[in-house]
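# Observations on the three-dimensional arrangement
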Amino acid sequence: MSHSDDNKPYEYAVHHSEEEGKKARKRIWLIFWVLLAITTVEVMLGIFWKEIGISWFLVKMTFIVLTIFKAFYIVAEYMHLKHEKTGLKNTIIVPFVLLALYLIYHVITEGQYSADFDRFFY
Amino acid sequence: MSNAISVDKKEAWGGGGKSPFGASYGKLMMWFFLMSDALSFTGFLAAYGFYRHYYGALWPSAENVFTHFPFMHGDHPLLYVALMTFILIMSSVTMVLAVEAGHRMNKKGVTLWMGLTLIGGAIFLGSQAWEWAHFIHGSELGAIELGRGSFTLPNGTVELTKGIIARWSDESKQALLLPWKEAGEYIQVTGAQMQEMVANGHEIHGANLTHNEYGHPLFGDFFFFITGFHGTHVFSGVVLNFVVFVNILMGTYEKRGHYEMVEKVGLYWHFVDLVWVFVFTFFYLV
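The rules behind each value
- Residues numbered from 1 in each chain as written.
- Chains lettered and ligands numbered in written order.
- Predicted model: local features only at pLDDT ≥ 70, side-chain atom pairs only at ≥ 80, totals over all residues.
- Helix = DSSP H or I, 4+ residues; strand = E, 2+ residues; numbered from the N terminus.
- Expected span 1.5 Å × (residues − 1).
- Buried ≥ 20, exposed ≤ 12 C-beta atoms within 10 Å, placed from the backbone.
- Pairing = 2+ DSSP bridges.
- Axes fitted to C-alpha atoms, helices over the stretch in contact; angles between N-to-C directions.
- Contact = placed C-beta atoms within 7 Å.
- Nonpolar A, V, L, I, M, F, W, Y, C, P; charged D, E, K, R; others polar.
- Domains from an automatic or database assignment.

### Remarks on unusual backbone geometry
In the Ramachandran plot, A:His80 falls in the positive-phi region, its phi being about 70° despite a non-glycine side chain. Structurally, A:His80 is set in the loop between α3 (56–78) and α4 (86–121). Its identity as a non-glycine residue notwithstanding, B:Met105 has a phi of 55°, on the positive side. Relative to the elements of secondary structure, B:Met105 occurs in the loop between α4 (79–103) and α5 (107–137).

### Here's the deal with α4(A)
Compared with an ideal rise of 1.5 Å per residue, which puts 36 residues at 52 Å, α4(A) spans 52 Å between its outermost C-alpha atoms and is within 8% of the ideal. Within α4(A), only one of the 36 residues are buried, leaving the element largely exposed.

### Examining the sheet that holds strand β1 (residues 143–145) of chain B
All names here are of chain B. Strand order across the open sheet formed by five strands is β6-β5-β4-β1-β7, with antiparallel pairing between neighbours. Every interior strand has two partners, whereas the edge strands, β6 (185–190) and β7 (202–204), have only one. Recorded for the sheet is a direction-independent mean angle of 40° between the axes of neighbouring strands. Relative to β6, strand β5 (residues 175–182) runs antiparallel, the two being bridged by six bridges. When the bridges of β6 are listed, Leu-176 appears paired with Val-189. In this fold helix α6 (residues 191–200) packs onto β1, β4 (165–168), β5 and β6, with an angle of close to 90° to the strand it touches most, β6.

### Thoughts on the interface of chain A and chain B
Interface size is commonly expressed as the accessible surface area that is lost when the partners come together. Contacts between the two partners involve 49 residues from chain A and, on the opposite side, 48 residues from chain B. Elements with a contribution of two residues or more to the side of chain A that touches chain B: α1 (2–5), α2 (18–52), α3 and α4 of chain A. Broken down by class, the residue content of the side of chain A that touches chain B amounts to 28 nonpolar, eleven polar and ten charged.

### Thoughts on the domain arrangement of chain B
For chain B, the assigned domains read domain 1 (25–138 + 223–285) and domain 2 (143–204). Each of domain 1 of chain B and domain 2 of chain B has a C-alpha centre, and the two are 39 Å apart.

Written as structure tokens, this is what we have:
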């Protein structure tokens, strides 16, 4: 209803041609294979890491790095954030990253405190 | 209603009647909501990480808990969760294809891909229900939750046993495994000492909010809370997708001249997938 009141076409909706659509679909499927490959590597590493003979710490770090890669592809391409204006990108990414780092900082410092507390009092 | 109209005429923004960042009101608000929701999930996973490391050896390893696969016997650690992850990623792909078809105003394409996204979401929810049922029901063998008492570790430290979960080493129930390790192996208790532990403790099967066959009860609480909160998001996502799907069929967006609504619910759906990527890593893998 509200749109038919407007005589101008809705200016923020994205449209593209058949030709551009073909390109976009190719990109979507490429990202899909990347995400699938990363997930497969993660599961295989989870099952076989003892046989490969690397430390659990290294495996853990690999998981976290691969997860952040996956998150990047989903947010940047599927959620299209990479192609939004810089202002919008920063408005979403900067507060999140700052507050997430703040939470991680607390997990580490409070965890250290709890470990020390247990060592001295029990 | 009056508010919606003034927003569409770009009167609500100020600043020359242009929307900030060249994105519509609905899309921007969806992004802000998702950013705050992402912080909620970050908080949950941070709390999980804290307790997981705090309880160390008493914490169960997810690969020993989720070993079942439908219609298959034996141990298949991680396999079913991996399948669930694949289904959710797949439904994210069909969603982004629906958005792409919407950009070409291809009603048939949007209908097809949106329908597949709905199916993917429904399968994921069903899988989660199945996984919850298995966790709540527990294993045939069960475990012993130890009663009051103490146990001296080989290195001389004395540990209180109240509430500690001891698992059977195998189906013959000849030895209990205590959750402390010596040279990488769990400490085994047999004979009279084991019998005393069994008599003092009680047998438990499965998990609820206060008991957990596989280890510390907080593991169960975090499992129910985090996957439950995520499952609620998946459920509301499926409902939103269904509403949009009905609108696609009725030609609402065709008349409107654009499929931006698909893009907005698409953002939410990708976010649900994104959260699962992190839950998968921090709950099941690490």
